[in-house]
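The residues making up each chain are set out below.
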Amino acid sequence: MGYELGSDFMADMKKVAFIMLYNILEGAGNENWLLNLLSDTNFASKYDITVYQPDLYLTKRLDEETVNRILKTVNVVTYHDYIHKIDFLNSNKITRLFSESLLKPIFLRVLSATLMRKVSRNISSNDVVYLFSNEYQGLIRKGPQLVIGTTHNWSPGWTNIFGKIRLKLIEDGIIMSKIDAFNFFSISSQRKMDCKRFRTEIIPICRNSKSFIPRDSDKNAIIFTFVGRLVQCKGVMEVLSAWKRSGIGQYAELHIVGSGPMLREITANEEINIFVHGNVATDELKRILSISDYFLFPTKCDTFGSVVIEAAMSGNYVFCSKFLEGEFDDLREKNILEYIEPSEDGVAIALAKAMKRGKLSQSEKMYFHSYMASNYDISILDRKLTAFIESNTISAR
């Protein structure tokens, strides 16, 4: 998918670049964040936008026709992926710290001077560069542009010793020194970082609230849903084990949406009332969430979890991993979400609580939706990101 579209922009438009971690066809949280911004708001009409993406995706969730339709008003540059070639160094905490603090910055600098020289030059010509992975700041030849780091794929709340060392290196400008500003998704994340050298803004993950509407289910069963890549750290096996242990299959349904290396093992499960959907089209995901009562998210490897926003907006009560404690405190205060231990025991306790509460009424689900629509609608992302760009840049070149 290598193409460039929409080059006839007015000369006085600010140039904004979005640097993706994976190809848009991946269709996961990061990719949907951008696609929703471009398709459901008028953000694309305000700026001369270029999306830079590698040709790599782990799972193809979107079709090219859909992506091309959404991206038709922006420029798209697809380059051969070199950067992920050293991802094997992330296999343990020690080599990961070494890779992210030293090796990857050197590797990116070499790429920007050789194999990715043209891409680096083009990225650096923009007025604003928005990073989905902060390490990619190494592709930028620093000038007057505004470089925005994010918590899309990193969290200052990771509290192991290696995470603390890395955070200190960022705060002191030893690594990621080209980043000028940070887009945090919650005030909790912002408070975990010394932000003296950054301009910051809290801009939450948002979705089009008109697309995630709670609906009545024609079933009497209580419906639970899990959505995510089927890998160990997402907690899907904890969900399955807790489900079997609870023995609630005759009264409830569990819907599992996603694919990954554990799909075959999960599909082979013979427990009653477990439905494994694999990857589904966007409209089908919305339908499943809209009739669901409870959403299970016992992850140990997410920095935020945009699907939590989608689930709550669809009228689900959310059981969210304590790994993300602080990120959704407003939802907890509104009794839309509670944090649980990301373990079999933690999920089992959540299932028991849900069964005691029972099937959610439509009025309960609409209460969840109304709060989410008021605080997490895509129009809020458009407004806040535009204001952040305008207040931190002077004029287009």
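Each remark here, short or long, concerns the structure printed above.
Per-chain numbering applies: the sequence of each chain, read as written, is numbered from 1 onward. The model is predicted, so local features are restricted to residues of pLDDT at least 70 and side-chain atom pairs to those at 80 or more, both for listing and for counting; the totals for chains, interfaces and linings are taken over all residues. Water and hydrogen atoms were dropped before computing side-chain values, which therefore reflect all heavy atoms in the structure.

Novice: Explain the overall build of the chain residue by residue, including any values.
Specialist: Along the chain, the regular secondary structure elements total 14 helices and 13 strands. Put simply, the radius of gyration uses C-alpha atoms, and a globule should come to 2.2 Å times the residue count raised to 0.38. What you see for the chain is a C-alpha radius of gyration of 21 Å, in line with the 21 Å of a compact globule of 397 residues. Counting only C-alpha atoms, the chain reaches 60 × 45 × 40 Å along its principal axes. Relative accessibility decides the category of a residue: with a 1.4 Å probe and only protein chains considered, values under 20% of the type maximum give buried, values over 50% give exposed, and everything between is partly exposed. Going through the 397 residues of the chain one by one, you find that 56% of them count as buried. Note on contacts: a residue pair qualifies if any of its non-hydrogen atoms lie within 4.5 Å across the two residues. Considering only intrachain contacts with a sequence separation of at least 6, the fraction spanning at least 24 residues in the chain is 70%. Elements are defined by DSSP. Helices are runs of H or I of four residues or more, strands are runs of E of two residues or more, and each kind is numbered from the N terminus.

Novice: Quick one: what's the story with the state of the cysteines, residue by residue and with numbers?
Specialist: The disulfide definition used here is simple: a pair of cysteine sulfur atoms within 2.5 Å. Under the definition given, this model contains one disulfide. Each disulfide pairs two cysteine sulfurs, and for Cys 233 the partner residue is Cys 301, the sulfurs being separated by 2.2 Å. With the S-S dihedral at roughly 65 degrees, the linkage between Cys 233 and Cys 301 falls on the right-handed side. Of the two residues, Cys 233 sits in the loop between strand 8 (222-227) and helix 7 (236-246) while Cys 301 sits in the loop between strand 11 (294-297) and helix 10 (306-313), which places them 68 residues apart along the sequence. For Cys 233, a relative accessible area of 31% gives the class partly exposed. Just so you know, Cys 320 is unpaired, no disulfide at all, and the nearest cysteine sulfur is the one on Cys 301, 12 Å from it.

Novice: Go over the environment of Val 51, please, and point to the residues and values.
Specialist: Turning to its location among the elements, Val 51 is positioned in strand 2 (residues 48-54). Separated by 149 residues in sequence, Val 51 and Thr 200 place their C-alpha atoms 23 Å apart.

Novice: Which residues make up empty space enclosed by the protein, and what values do they have?
Specialist: Buriedness for pockets is judged along seven lines, at least five of which must meet protein on both sides within 12 Å for an open set on the 1 Å grid over protein atoms alone, while cavities are sets there where a 1.4 Å probe fits but cannot get out, and lining residues have an atom within 4 Å of a point. Grid points are joined across faces, edges and corners, and a volume is the space filled by probe spheres set on the points. Inspection of every chain in the model, using the stated rule, returns one cavity of 30 Å³ or more. Taken as a whole, the largest cavity spans an internal volume of roughly 50 Å³. Together, Glu 100, Lys 104, Pro 105, Leu 108, Asn 134, Glu 135, Gln 137, Ile 175 and Met 176 line the largest cavity. Of the residues belonging to the lining of the largest cavity, the class tally is four nonpolar, two polar and three charged. When residue character is reported, Ala, Val, Leu, Ile, Met, Phe, Trp, Tyr, Cys and Pro are called nonpolar, Asp, Glu, Lys and Arg charged, and the others, Gly included, polar.

Novice: Kindly report on the sheet that holds strand 7 (residues 199-202), identifying the contributing residues and their values.
Specialist: For two strands to pair, DSSP has to find at least two bridges joining them. An order of 3-2-1-4-5-6-7 is seen for the seven strands of this open sheet, with the pairing classed as parallel. With partners counted over all chains shown, the strands left at the sheet margins are strand 3 (75-79) and strand 7, one partner each. Shown here is a sheet whose adjacent strand axes are inclined to one another by a mean of 20 degrees, direction ignored. Relative to strand 7, strand 6 (residues 181-184) is paired through four bridges, and the arrangement is parallel. Bridge assignment links Phe 182 to a residue of strand 7, and that residue is Thr 200. Note on method: axes are straight lines fitted to C-alpha atoms, helices fitted across the in-contact stretch only, with angles between N-to-C directions ranging 0 to 180 degrees. Running over the sheet, helix 1 (residues 29-40) touches strand 1 (15-19), strand 2 and strand 4 (128-131) and is turned about 150 degrees from strand 1. Across the face of the sheet, helix 14 (residues 378-392) comes into contact with strand 1, strand 4, strand 5 (146-150), strand 6 and strand 7 while running at roughly 165 degrees to strand 7.

Novice: For the nonpolar core, give the residues involved together with the corresponding values.
Specialist: We define the nonpolar core as a collection of buried residues of types Ala, Val, Leu, Ile, Met, Phe, Trp, Tyr and Cys that are connected through side-chain atoms lying within 4.5 Å of one another. Counting residues in each nonpolar core, the largest one holds 92 residues, and the members touching the most others are Phe 18, Trp 33, Ile 49, Phe 224, Phe 328 and Leu 331. Other than its neighbours up to four places away in sequence, Ile 49 contacts Val 16, Phe 18, Leu 38, Phe 43, Ala 44, Val 74 and Asn 75.

Novice: Hey, could you go over the pattern of salt bridges for me, with residue numbers and the actual values?
Specialist: Pairing of side chains with opposite charge becomes possible as their charged atoms draw close. Salt bridge criterion: a side-chain nitrogen from Lys or Arg within 4 Å of a carboxyl oxygen from Asp or Glu. Evaluation of the coordinates by the stated rule reveals 19 salt bridges. Linking Glu 390 and Lys 14 is a salt bridge whose minimum nitrogen-to-oxygen distance equals 2.8 Å. Within this pair, whereas Glu 390 is found in helix 14, its partner Lys 14 is found in the segment before strand 1, the two being separated by 376 residues in sequence. Residue classification places Glu 390 among the partly exposed residues on the basis of a relative accessible area of 39%. Close ionic contact of Asp 194 with Lys 196 constitutes a salt bridge, the shortest N to O distance being 2.5 Å. Relative accessible area serves as the criterion here: at 31%, Asp 194 is assigned to the partly exposed category. Connected through shared salt-bridge partners, Arg 245, Glu 344 and Asp 345 make up one network.

Any functional reading would require information beyond the geometric quantities listed.
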